[in-house]
Amino acid sequence: GAGVSQSPSNKVTEKGKDVELRCDPISGHTALYWYRQRLGQGLEFLIYFQGNSAPDKSGLPSDRFSAERTGESVSTLTIQRTQQEDSAVYLCASSRRDGAYEQYFGPGTRLTVT
Amino acid sequence: AQSVTQLDSHVSVSEGTPVLLRCNYSSSYSPSLFWYVQHPNKGLQLLLKYTSAATLVKGINGFEAEFKKSETSFHLTKPSAHMSDAAEYFCVVRNAGNNRKLIWGLGTSLAVNP
């Protein structure tokens, strides 16, 4: 079946502009995660959605970052007034609620802020 | 609170020699544990997972890991390294509690020398 998809695959934007990143999870997956991965570094947790529960926003680095998810479908991550330090690959993952909760990752969106 | 520590940020081995990537965790409950691999410029892929069944878990590409509760460890091993094993490896523990958030280690970079 289809995996996790993300769009765009690459985004170059000017400092100060807003960007919106999209994630389409695997159908039926109730959990959705956003991560940031800077060049040569590990995954930095940003936000977690689980069904209709309140999202875990504990990883969002500043109030410039926000994310939404409608039900158990698409999610968008918005970064307002982008800064150069926001340049990174933004990864989305989804998982089933049952079983071992392993995450399935999308290919990521590479964001470059100039 | 749960946490995961990958004891080596970089490991270098010769082709054909054994691989050992170390991971220790802390958990108040019986954890689920995972190893993910990230090849250069590629997405994250699940290598193997432990979910309270057999303590020795076999994964893809000849990798395996052993859950040792007394040592709170989940080290990743492979008897004979191949050049294609060069990648970044992440140890992950599932958070106990209602939200099931996964906690990621910082990663171990594996280099395989000819």
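Up top is the structure these notes are about.
Rules and cut-offs
- Residues numbered from 1 in each chain as written.
- Chains lettered and ligands numbered in written order.
- Predicted model: local features only at pLDDT ≥ 70, side-chain atom pairs only at ≥ 80, totals over all residues.
- Heavy atoms only, no water.
- Helix = DSSP H or I, 4+ residues; strand = E, 2+ residues; numbered from the N terminus.
- Rg over C-alpha atoms; globule rule 2.2 N^0.38 Å.
- Buried < 20%, exposed > 50% of the residue type's maximum accessible area, 1.4 Å probe, protein only.
- Contact = heavy atoms within 4.5 Å.
- Areas by Shrake-Rupley, 256 points an atom, 1.4 Å probe, with all protein chains shown as cover.
- Polar contact = N/O pair within 3.5 Å; in protein donor to acceptor, adjacent residues only side chain to side chain.
- Phe/Tyr/Trp six-rings, centres within 6.5 Å; stacked < 30°, edge-to-face > 60°.
- Salt bridge = Lys/Arg side-chain N within 4 Å of Asp/Glu carboxyl O.
- Disulfide = S-S within 2.5 Å.
- Pairing = 2+ DSSP bridges.
- Axes fitted to C-alpha atoms, helices over the stretch in contact; angles between N-to-C directions.

1. Looking at the overall build of chain A
Each helix and strand in chain A was counted, giving zero helices and ten strands. In terms of C-alpha radius of gyration, chain A reaches 13 Å, essentially the compact-globule figure of 13 Å for 114 residues. The C-alpha extent of chain A, read off along each of the three principal axes, is 40 × 25 × 25 Å. Residues classed as buried in chain A amount to 51% of the 114 residues present. Of all intrachain contacts in chain A linking residues separated by at least 6 positions in sequence, the fraction that spans at least 24 positions is 55%. Put simply, chain A shows about 5500 Å² of open surface, and 44% of that area lies on carbon and sulfur atoms.

2. A closer look at the side chain of Gln38 of chain B
Mapping Gln38 of chain B onto the fold places it in strand E5 (residues 33-38). Gln38 of chain B gets classed as buried once you look at its relative accessible area, which sits at 13%. Separated by 2.8 Å, the side chains of Gln38 of chain B and Gln37 of chain A make a polar contact. The residues touching Gln38 of chain B, leaving out its near neighbours within four places in the chain, are Gln37 of chain A together with Gly43, Leu44, Ala87, Glu88 and Phe90 of chain B.

3. Overview of the packing of aromatic side chains
Counting across every chain of the model gives 13 aromatic pairs over all chains. Ring geometry for Tyr33 of chain A against Tyr35 of chain A: centres 6.2 Å apart, planes inclined by 15°, an arrangement best described as stacked. Of the residues examined, Tyr35 of chain A reaches a relative accessible area of 1% and is grouped as buried. Residues Tyr50 of chain B and Phe67 of chain B carry aromatic rings whose centres are separated by 4.2 Å and whose planes lie at 15° to one another, so their mutual orientation is stacked. Separated by 17 residues along the polypeptide, Tyr50 of chain B in strand E6 (residues 44-50) and Phe67 of chain B in strand E8 (residues 64-68) bring together distant segments of the chain. Ring pairing ties together the aromatic residues Tyr33, Tyr35, Phe45, Tyr48 and Phe105 of chain A together with Tyr36, Phe90 and Trp104 of chain B, which thus form one cluster.

4. Some points on the environment of Gly16 of chain A
Residue and element names in this part refer to chain A. Relative to the helices and strands, Gly16 is located in the loop between strand E2 (10-13) and strand E3 (19-24). On the accessibility criterion, Gly16 (40% relative accessible area) is partly exposed. Measuring from C-alpha to C-alpha, the distance between Gly16 and Glu72 comes to 31 Å, with 56 residues separating the pair along the chain. When neighbours within four sequence positions are excluded, Gly16 is seen to be in contact with Arg81 and Thr82.

5. Quick notes on the pattern of salt bridges
All names here are of chain A. Evaluated as defined, the whole model comprises seven salt bridges over all chains. One salt bridge in this structure joins Asp24 and Arg22, with 2.9 Å as the shortest N-O distance. With a relative accessible area of 23%, Asp24 lands in the partly exposed category. Overall, the relative accessible area of 37% leaves Arg22 in the partly exposed class. A single network of salt bridges, built from pairs that share partners, joins Arg36, Arg38 and Glu44.

6. Points about the state of the cysteines
Residue and element names in this part refer to chain B. By the definition in use, this model includes two disulfides over all chains. Two residues, Cys23 and Cys91, share a disulfide whose sulfurs are 2.0 Å apart. Across the disulfide from Cys23 to Cys91, rotation about the S-S bond amounts to roughly -70°, and the bridge is consequently left-handed. With Cys23 in strand E4 (residues 23-26) and Cys91 in strand E10 (residues 87-94), this residue pair connects regions lying 68 residues apart in the sequence.

7. Here's the deal with the sheet that holds strand E6 (residues 65-69) of chain A
Residues and elements named next belong to chain A. The four strands lie next to each other as E1-E3-E7-E6, forming an open sheet whose pairing is antiparallel. Both edges of this open sheet fall to strand E1 (5-7) and E6, since each of them pairs with a single strand only. Shown here is a sheet whose adjacent strand axes are inclined to one another by a mean of 15°, direction ignored. Here E6 runs beside strand E7 (residues 75-79); their pairing, made up of five bridges, is antiparallel. Each bridged residue has a counterpart across the sheet, and for Phe65 the counterpart in E7 is Ile79.

None of the figures reported here should be taken as evidence of function without further support.
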